[in-house]
Amino acid sequence: MTQALSKTVTFDEFIEWYPENSEHKYELHDGVIVEVPKPTGPHSEVAGLLNGELFIEIRRSSLPYFIPKECVIKPRDNGGYEPDIIVLDKQQVGNHESRWKKESIITRGDSIRLIVEVVSTNWEDDYALKLEEYESFGICEYWIVDYLALGGRRFIGNPKQKTISVYSLVEGIYQLNQFRGDDRIVSPTFPGLTLTARQVFDAGS
């Protein structure tokens with residue numbers, strides 16, 4: 001990940017700075033604007049599969065959720081993130097998100113039902129920085145999809161294994177369940193989901 005601007009800025013300054021129609025994606029980490037690595041083809045295939053499966057489950061179960069194409073979340077004044085996939089609660093967004101219609105910005109954790117990050121070379125951000133931020137922001141479910149087993153051994157085992165880590169918020173603290181191989185991914189937000197970890201990993205192979 002490369003730094004895009006040397007001085008520290010607020011979230012609103014970051015949004016004002018963000019280049020319109022940029023080919024690159026940027027995030028705000030502790031007040032520093034950083035360029036996020038461009039997704040590889042396999043990374044996009046994994047994210048695309050998950051996006052499609054979650055959309056199908058929303059439709060099948062008539063859930064009051066939606067998956068936007070683009071979205072920036074503001075967990076605090078010096079942080080701003082663009083998740084690979086985000087599932088939003090229609091009613092919460094409609095009633096409480098004043099910046100959504102004009103800016104695609106989410107400012108409340110309870111508007112978010114699920115965030116998915118597909119791991120790439122900046123894996124430390126997913127397992128450390130964003131995990132802590134999303135927990136503090138009150139996001140009820142967070143998936144880290146490590147389809148290349150890039151994460152550190154303390155996160156995905158020794159020897160390292162392809163792993164989907166599902167963090168569920170219980171009394172303000174994330175509880176972790178991990179899925180590998182033919183394990184069916186168990187999601188509190190999508191209890192009817194029948195997807196296995198292997199099906200996800202195969203999309204990126």
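Above this text you will find the structure in question.
Model, not experiment: these values are computed from the prediction. (Residues numbered from 1 in each chain as written. Predicted model: local features only at pLDDT ≥ 70, side-chain atom pairs only at ≥ 80, totals over all residues. Heavy atoms only, no water.)

Trainee: Sorry if this is basic, but what is going on with the overall build of the chain here?
Mentor: Secondary structure assignment for the chain yields 7 helices and 12 strands. Here the chain has a C-alpha radius of gyration of 16 Å; the compact-globule value for 205 residues is 17 Å, and the two agree. The principal-axis extents of the C-alpha atoms in the chain amount to approximately 45 × 40 × 35 Å. Per-residue burial over the chain gives 47% buried out of 205 residues. By element, 47% of the accessible surface of the chain is carried by carbon and sulfur atoms, the whole surface being about 10500 Å². When the 22 positive and 32 negative side-chain charges of the chain are each reduced to one mean point, those points stand 3 Å apart. (Helix = DSSP H or I, 4+ residues; strand = E, 2+ residues; numbered from the N terminus. Rg over C-alpha atoms; globule rule 2.2 N^0.38 Å. Buried < 20%, exposed > 50% of the residue type's maximum accessible area, 1.4 Å probe, protein only. Areas by Shrake-Rupley, 256 points an atom, 1.4 Å probe, with all protein chains shown as cover. Lys, Arg positive; Asp, Glu negative; His and termini not counted. Charge placed at Lys NZ, Arg CZ, Asp CG, Glu CD.)

Trainee: What am I meant to see in unusual backbone geometry here?
Mentor: Where the residue is not glycine, phi is negative for most of them; where a peptide bond is considered, it is trans in most cases. Going from Asn158 to Pro159, the amide bond is cis rather than trans, its omega being 5°. Residue Ser62 is not a glycine yet carries a positive backbone phi of 50°. Turning to its location among the elements, Ser62 is positioned in the loop between α2 (41-60) and β4 (65-66). Ser62 sits in the exposed class, given a relative accessible area of 63%. Its identity as a non-glycine residue notwithstanding, Ala149 has a phi of 55°, on the positive side. The class of Ala149 is buried, set by a relative accessible area of 14%.

Trainee: Looking at this structure, I do not really get the side chain of Asp126. What am I missing?
Mentor: Positionally, Asp126 belongs in helix α5 (residues 123-137). Nearest to the buried, unbridged Asp126 among oppositely charged side chains is Lys130, at 4.0 Å. Other than its neighbours up to four places away in sequence, Asp126 contacts Glu117, Val118, Val119, Ser120, Leu131, Tyr142 and Ile144. (Salt bridge = Lys/Arg side-chain N within 4 Å of Asp/Glu carboxyl O. Contact = heavy atoms within 4.5 Å.)

Trainee: Mind showing me how you'd approach the sheet that holds strand β10 (residues 141-146) here?
Mentor: Backbone-to-backbone hydrogen bonds pair the strands of a sheet. The strands run either parallel or antiparallel. If you walk across this open sheet you meet the 6 strands as β4-β7-β9-β10-β11-β12, and the pairing is mixed. Since the sheet does not close on itself, it has two edges, and those belong to β4 and β12 (173-179), each with one partner. Both strand β7 (residues 85-89) and strand β9 (residues 112-118) contribute to a ladder of 4 bridges, which runs antiparallel. Among the inter-strand pairings, Ile86 is bridged to a residue of β9, identified as Ile115. (Pairing = 2+ DSSP bridges.)

Trainee: Is there a simple way to explain the nonpolar core in this structure?
Mentor: Nonpolar side chains tend to gather and get buried jointly when the protein is soluble and globular. Formed by 26 residues in total, the largest nonpolar core has its most connected members in Leu50, Leu54, Val116, Trp143 and Val145. When contributions to this core are tallied by element, the ones reaching two or more residues are α2, β7, β9, β10, β11 (163-170) and α7 (197-203). Every residue in contact with Leu50, bar those within four places of it in the chain, is listed here: Ile85, Val116, Trp143, Val145, Leu195 and Val200. One finds Ile115, Leu129, Phe155 and Ile156 within the second-largest nonpolar core, a separate group that totals 24 residues. (Core = buried A, V, L, I, M, F, W, Y, C linked by side-chain atoms within 4.5 Å.)

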